[in-house]
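Coordinate inspection notes
Listed here are the chains, written in short residue letters.
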Amino acid sequence: MSLHTLRHITLGVPDPAPVAEFYTEFGLHPLGRGRFATRDGGEQLRLVTRPTRRLVAMTIGADNQDDLGRVASSLHAQGFTADRQETAVSAVEPVTGVTVRVEIAAPIKQSDNGPLIEPNAPGRPLRVNARAEALSRTAPVTPRKLGHVVVGSTDLATSMRFFIDGIGFKVSDSIKDRGSFLRCSTDHHNLLVQNTPATFVHHSSWQVEDVDEVGRGAAAMLEADPARHVWGLGRHHVGSNFFWYLRDPSGTFAEYYSDLDVVVDDDLWKPEVFSGRNALYHWGPPPPPSFIRPDDLAELMTGAHQPRG
């Protein structure tokens, strides 16, 4: 795979100030002027002012000039306009208005913090005479990297053609009649494009160490403001990851996740099409109606007629 990393996203929100406070509490490192970094990925989020919440831009890492040439050629072959620069290719997905930049960059390197102590299990007491290591964690939860982003499209076929046939994302799994989980790295998915009646950003997702960090991070956020809760704790069937979703002040969801599936050999991974409960989760509380149909959908549909930028 010539594409290797989801490096950065830009989110548009009506009022960036309270949203910036939210992501600071969420554990991202503020760099100033609406910019935020993760522990391993460096700067990975920027907030800008827009009339409605939306994904403004995303940046994807590629290996070399040949990769940029393939992306530019594929976009042109699909009828999309691409701007070829010395170290990057940029194009605007015409339905969602998202600017996608593919640039030559090094992959994100993640250090291994050492083997986690396996949990005790029936007939397998691996931890004896000691409390669980996770109980000693007191530092605030800080995401390791940006994992994925989810957007709604009013013309799914065109959006999918842009991202798959144009940019070069690969399909990991699909939801029947709704959309597909796409990857530009070895993560199971870095982008989910869904069929929706309005264009908006549904959520961004941020990797933490393990399920304990998912729980600790969410617990701290909810202790500060219980109204932030959306959905969790649970485990997805598609991608296998643990999750907990919170709502930022703009109405966009932010997800802590851990233990996501990894695809290193395309020939050994078989994409499937899911429907019903497994399309949403394997276990956990049922998703609230607002997770499927946002409370501000009518406002978003009105805002869909606003000029994009």
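Throughout this document, residue positions are counted from 1 along each chain, in the order its sequence is written. Note on the predicted model: pLDDT of at least 70 is required for a residue's local features to be given, and 80 or more for side-chain atom pairs to be given and counted; whole-chain, interface and lining totals, by contrast, use all residues. To get the side-chain values, all heavy atoms of the structure are used, and hydrogens and water are removed first.

As annotated in an unreviewed UniProt entry, the protein chain carries the name VOC family protein and comes from Streptacidiphilus cavernicola.

Considerations on the pattern of salt bridges
Should a side-chain nitrogen of Lys or Arg be within 4 Å of a carboxyl oxygen of Asp or Glu, the pair is scored as a salt bridge. For the coordinates displayed, the defined rule picks out 16 salt bridges. For Glu43, the salt bridge identified is with Arg35, shortest N-O distance 3.3 Å. Arg216 is the salt-bridge partner of Glu213, the closest N and O atoms lying 2.9 Å from each other. Remark: Arg216 and Glu213 occur in helix α4 (residues 211–224); sequence separation between them is three residues, near one turn of the helix. Exposure is judged per residue with a 1.4 Å probe applied to protein chains only, and the accessible area is read against the type maximum: over 50% gives exposed, under 20% gives buried, and values in between give partly exposed. Given the relative accessible area of 8%, Glu213 is considered buried. Several salt bridges converge on common partners, so that one network encompasses Glu133, Arg137, Asp210, Glu213 and Arg216. Segments assigned H or I by DSSP are reported as helices when at least four residues long, segments assigned E as strands when at least two residues long, and all are numbered from the N terminus.

Looking at the sheet that holds strand β6 (residues 82–84)
A pair of strands is considered paired only if DSSP assigns at least 2 bridges between the two. If you trace the eight strands from one edge of the open sheet to the other, you get β2-β3-β4-β1-β5-β8-β7-β6, paired in mixed fashion. For this open sheet the edge positions go to β2 (29–32) and β6, each flanked by a neighbour on one side alone. Between one strand axis and the next, the sheet turns through 20° on average, direction left out of account. Two strands pair when backbone bridges link them, and β2 and strand β3 (residues 35–38) are joined in this way by three bridges, in the antiparallel orientation. Looking across to β3, one finds that Pro30 is bridged to Phe36. Lines fitted to the C-alpha atoms define the axes, with helices restricted to the stretch that makes contact. Angles between their N-to-C directions range from 0 to 180 degrees.

A closer look at the packing of aromatic side chains
Any two rings among Phe, Tyr and Trp, with Trp reduced to its six-membered ring, count as a pair given centres within 6.5 Å; such a pair is stacked if its planes are under 30 degrees apart, edge-to-face if over 60, and tilted if neither. Within this structure, the stated rule accounts for 15 aromatic pairs. When the ring of Phe243 is compared with that of Tyr245, the centres are 5.4 Å apart and the planes differ by 50°; the resulting orientation is tilted. Feature note: the residues Trp231, Phe243, Tyr245, Phe253, Tyr281 and Phe291 constitute an aromatic cluster, connected by ring pairs. Any Lys NZ or Arg CZ found within 6 Å of a ring centre and within 35 degrees of that ring's normal is scored as a charge over the ring. The side chain of Arg235 reaches across the aromatic face of Phe242, ending 4.1 Å from its centre.

A look at unusual backbone geometry
The omega angle of the peptide bond from Gly232 to Leu233 is -10°, so this bond is cis rather than trans. Relative to the helices and strands, Leu233 resides in strand β14 (residues 229–235). Positive phi values are uncommon outside glycine, yet Arg33 reaches one of about 60°. Structurally, the position occupied by Arg33 is in the loop between β2 and β3. Relative accessible area serves as the criterion here: at 79%, Arg33 is assigned to the exposed category. Look at Asn129: it is not a glycine, yet its phi comes out positive at around 55°.

Remarks on the environment of Ala198
As for its placement among the helices and strands, Ala198 is situated in the loop between β12 (191–195) and β13 (201–207). Measuring from C-alpha to C-alpha, the distance between Ala198 and Asp155 comes to 9.7 Å, with 43 residues separating the pair along the chain. Ignoring any residue separated from it by four or fewer positions in sequence, one finds Ala198 in contact with Gly152, Thr154, Leu297, Leu300 and Met301. By definition in these notes, contact holds between two residues if any of their heavy atoms fall within 4.5 Å.

Notes on the pairing of β13
The buried fraction of β13 is high, at seven of seven residues. Pairing between strand β9 (residues 145–153) and β13: six bridges, direction antiparallel. Bridging across to β13, Leu146 finds its partner in Trp206.

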